[in-house]
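Now for the letters of each chain:
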Amino acid sequence: MPDFNCWKRWLLIVMTVALTLRVGAAAVLQFQLDKQPGRQFLIAGDATGYWTLGEQLANGKPFELYVPPRRIMRTPGFPWVLSLGMRMFGDDIIYIRLMLALVGTAACGLVFWLGKELVDPETGVIAAGVAAVSPAFVGFTPLILSETLFAATMLLSLIAVAKLLNQQNPQASRQRYLWAFLAGVLVGIATLVRPSWLLVGPGCAFLYWAVTQRNRHGLCLAAMLCFGLAVSLAPWTIRNYRLTGHIVPTTLWVGPSLYDGMNPQATGDSDMAFVERDGVYQRMSEFDADRYYRDAAWKYAAAHPARIVQLAGIKLARYWSPWPNAAQFRTWYLMIPLALFFAAIMLAAMRGGWLSRDRFWLCLLTAGPIVYFACIHALFIGSIRYRLPAEYPLLVLTAIGIRSFLPTLNKTNSHGTQDSAEPRPGESLSLS
């Protein structure tokens, strides 16, 4: 059995494997697409929009899509990263895919960091190792979609929250405020990649005050986290206010997305054909169109509660699907390994969650994201695309579960504590 006490050596091996697999996936994908003239993306739609916005930014053109222009349809995080790659490498898409391979590899390293902060380095190495070889993670990394970048930015925000929680020295007040502010900033950066992460900042701030430090000092730290979030979103929000006269911290695509999930023709899958069919954007401002679709979605939900519950079940089934939802990817050589891998990591994660059930923050920062997005996408559209980024932090629980099945890697006794008198790494995150 390998000695994971030499975790630095194993981390280097894990990162090398992660990079090799992702570079290979990028090369294979591009080779396959090159054999189909005129096809640039494996999954068009969102990818086309992201690529166009990236080109707009790279060429100094307005950040907008369609006619009449929709200027606040997407947050700028992923298009900005694409534009950075275009400025460095030109518009040859293979170099952008290789850049995303680096982002995906960095995400594996961030899984290690989160595991190290919450538990110990050995757990982090195992979690990163699972992330490195995950077929879904490897396959998604070179796609021109925001999931991998969001996973990396989300992990950074969770690591900052973990660092804040680990600041137990009462003399280290300045460090606490620094980590609180940084946690808010990083939640904001992740929100600029995926807008639905916005609620996590106020949620973590409230829980920090209510659960961990319910006093004036805790309230000030919670406020500092929210302040960091506001600072990181301020430039985008100010830009949107100048365009619309309204405060819009994320996007004006929430209404159509919500209506996509709750309308008379909704199936749980995405079908945005109604946007062109209705012509709402031809006669309304972008802000008013967003409000129009929000109101229409909620009116339909109020009038058809049974159908909304049924749709929620369909969306959750799509969200928790062990293989891709699109029919084009439902082949046995994809479905079987993806299903087996997903089942294995989930079973180990459930085992890890049970062993860690007395550690509130550990469970919240690892299992919280995947539950959070499940709740959100029971209303919007269900797809494994929205689950995959949340699987990255969950792998910390998976690693805990794996260690419990491998006694030589498990430093704890049957009661879940170390045999020595030394506290477990991350013990400050426990409420017991």
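Residues numbered from 1 in each chain as written. Predicted model: local features only at pLDDT ≥ 70, side-chain atom pairs only at ≥ 80, totals over all residues. Heavy atoms only, no water.

1. Observations regarding the overall build of the protein chain
In terms of helices and strands, the protein chain carries 18 helices and 0 strands. Taken over C-alpha atoms, the radius of gyration comes to 22 Å for the protein chain, in line with the 22 Å a tight globule of 432 residues would show. Along the first, second and third principal axes, the C-alpha atoms of the protein chain reach 70 × 55 × 50 Å. Burial statistics for the protein chain: of 432 residues in total, 52% are counted as buried. Intrachain contacts of the protein chain at a sequence separation of at least 6 include 75% that bridge at least 24 residues. (Helix = DSSP H or I, 4+ residues; strand = E, 2+ residues; numbered from the N terminus. Rg over C-alpha atoms; globule rule 2.2 N^0.38 Å. Buried < 20%, exposed > 50% of the residue type's maximum accessible area, 1.4 Å probe, protein only. Contact = heavy atoms within 4.5 Å.)

2. Side note on the nonpolar core
Membership of the largest hydrophobic core comes to 121 residues, with the highest contact counts inside it found for Ile144, Trp197, Leu365, Phe373 and Leu395. Ranked by residue count, the leading element in this core is helix 7 (residues 147-165), at 13 residues. Apart from residues no more than four positions distant in its own chain, Phe373 is found in contact with Phe150, Met154, Arg194, Ser196, Trp197, Tyr319, Tyr386 and Ala390. (Core = buried A, V, L, I, M, F, W, Y, C linked by side-chain atoms within 4.5 Å.)

3. Let's talk about a nonpolar patch on the surface
A surface patch of nonpolar side chains, amounting to about 510 Å² of accessible area, comprises Trp80, Leu84, Met88, Phe89 and Tyr95. A total of 4 residues in the nonpolar patch trace back to one element, the largest contributor, which is helix 3 (residues 77-89). Along the chain, the position of Trp80 falls in helix 3. (Patch = residues over 30% accessible without salt bridge, like charges linked within 9 Å, V, L, I, M, F, W, Y side chains within 5 Å. Areas by Shrake-Rupley, 256 points an atom, 1.4 Å probe, with all protein chains shown as cover. Salt bridge = Lys/Arg side-chain N within 4 Å of Asp/Glu carboxyl O.)

4. Some words on the packing of aromatic side chains
Think of a pair of aromatic rings as described by two things: how far the centres are apart, and how the planes are tilted against each other in angle. One pass over the full model with this rule turns up 20 aromatic pairs. A ring pair is formed by Phe150 and Trp197, whose centres lie 5.8 Å apart and whose planes are at 80 degrees; its orientation type is edge-to-face. Here Phe150 is found in helix 7, whereas its partner Trp197 is found in the loop between helix 8 (173-191) and helix 9 (200-212), with 47 residues between them in sequence. As far as the burial class goes, Phe150 and Trp197 line up, both buried. Lying across the ring of Tyr281, Arg70 places its NZ or CZ 4.4 Å from the centre. If you follow Arg74 out to its NZ or CZ, it ends over the ring of Tyr50, 5.1 Å from the centre. (Phe/Tyr/Trp six-rings, centres within 6.5 Å; stacked < 30°, edge-to-face > 60°. Lys NZ or Arg CZ within 6 Å of the ring centre and 35° of its normal.)

5. Things to note about the environment of Leu229
The residue Leu229 is located in helix 10 (residues 216-244) in this model. Taking the C-alpha atoms as reference points, Leu229 and Val211, separated by 18 residues in sequence, lie 20 Å from one another. Excluding residues within four positions of it along the chain, Leu229 makes contact with Gly184, Val185, Val187, Gly188, Leu198, Gly201 and Pro202.

6. Some details on unusual backbone geometry
Of the consecutive residues Val67 and Pro68, the connecting peptide bond is found in the cis state with omega at -5 degrees. In this model, Tyr66 sits at a positive phi of 70 degrees, which is unusual for a non-glycine residue. Tracing the sequence through the fold places Tyr66 in the loop between helix 2 (46-58) and helix 3.

7. A few points about helix 8
With 19 residues, helix 8 should cover 27 Å at 1.5 Å per step; its first-to-last C-alpha distance of 27 Å lies within 8% of that length. Packed against the buried residues of helix 8 are helix 7, helix 9 and helix 10. (Expected span 1.5 Å × (residues − 1).)

8. Some remarks on the environment of Val371
Structurally, Val371 can be placed in helix 17 (residues 360-377). As for Val371 and Arg387, which are separated by 16 residues in sequence, their C-alpha atoms are 9.1 Å apart.

9. Quick word on the pattern of salt bridges
Tallied over the full model, the rule gives 12 salt bridges. Residue Arg71 is joined to Glu64 by a salt bridge in which the shortest nitrogen-to-oxygen separation is 3.1 Å. Overall, the relative accessible area of 34% leaves Arg71 in the partly exposed class. One salt bridge in this structure joins Glu276 and Arg70, with 3.3 Å as the shortest N-O distance. Taken together, the residues span a long stretch of sequence, with Glu276 in helix 12 (residues 273-278) and Arg70 in the loop between helix 2 and helix 3 at a distance of 206 residues. Residue classification places Glu276 among the exposed positions, given a relative accessible area of 55%. Looking at Arg70, the relative accessible area reads 6%, which means it is buried. The structure contains a network of salt bridges with shared partners spanning Asp46, Arg74, Glu147, Arg194 and Arg385.

10. Digging into the packing of helix 16 (residues 332-355) against helix 18 (residues 388-405)
Helix packing for two helices is described by the angle between their axes and how far apart those axes are. Where helix 16 meets helix 18, the axes come as close as 6 Å, and the angle between the chain directions of the two elements is 75 degrees. On the basis of the axis angle, helix 16 is roughly perpendicular to helix 18. In this structure, helix 16 uses Phe342, Ile345, Met346, Ala348, Ala349, Arg351, Gly352, Gly353 and Leu355 to contact helix 18, whose residues at the interface are Glu391, Leu394, Leu395, Leu397, Thr398, Ile400, Gly401, Ile402, Ser404 and Phe405. Of the residues contributing to the contact of helix 16 with helix 18, the split by class is 12 nonpolar, 5 polar and 2 charged. (Axes fitted to C-alpha atoms, helices over the stretch in contact; angles between N-to-C directions. Parallel < 35°, antiparallel > 145°, perpendicular 65-115°, else oblique. Nonpolar A, V, L, I, M, F, W, Y, C, P; charged D, E, K, R; others polar.)

11. Some details on the confidence of the model for the protein chain
Scored by pLDDT, the protein chain has a mean of 91; 92% of the residues are at 70 or more. The low-confidence segment residues 412-432 (pLDDT under 50) makes 38 contacts with residues lying over four places distant or belonging to another chain. (pLDDT = per-residue confidence, 0-100.)

12. With respect to helix 9
Turning to helix 9, its buried residues are Val200, Gly201, Cys204, Ala205 and Tyr208. Within helix 9, the buried residues cover an arc of 135 degrees as seen down the axis, which keeps them to one side. Those residues of helix 9 hidden inside the fold are in contact with helix 7, helix 8, helix 10 and helix 17. (Arc of directions from axis to C-beta.)

13. Let's talk about the side chain of Arg70
A polar atom in the side chain of Arg70 sits 3.3 Å from the side chain of Glu276. Residue contacts for Arg70: discarding those within four places in its chain leaves Phe63, Glu64, Leu65, Trp253, Val275, Glu276, Tyr281 and Glu286. (Polar contact = N/O pair within 3.5 Å; in protein donor to acceptor, adjacent residues only side chain to side chain.)

14. Quick word on the side chain of Thr141
Structurally, the position occupied by Thr141 is in the loop between helix 6 (135-140) and helix 7. Not counting the four nearest positions on each side in its chain, Thr141 is found in contact with Arg22, Leu100, Ala101, Gly104 and Thr148.

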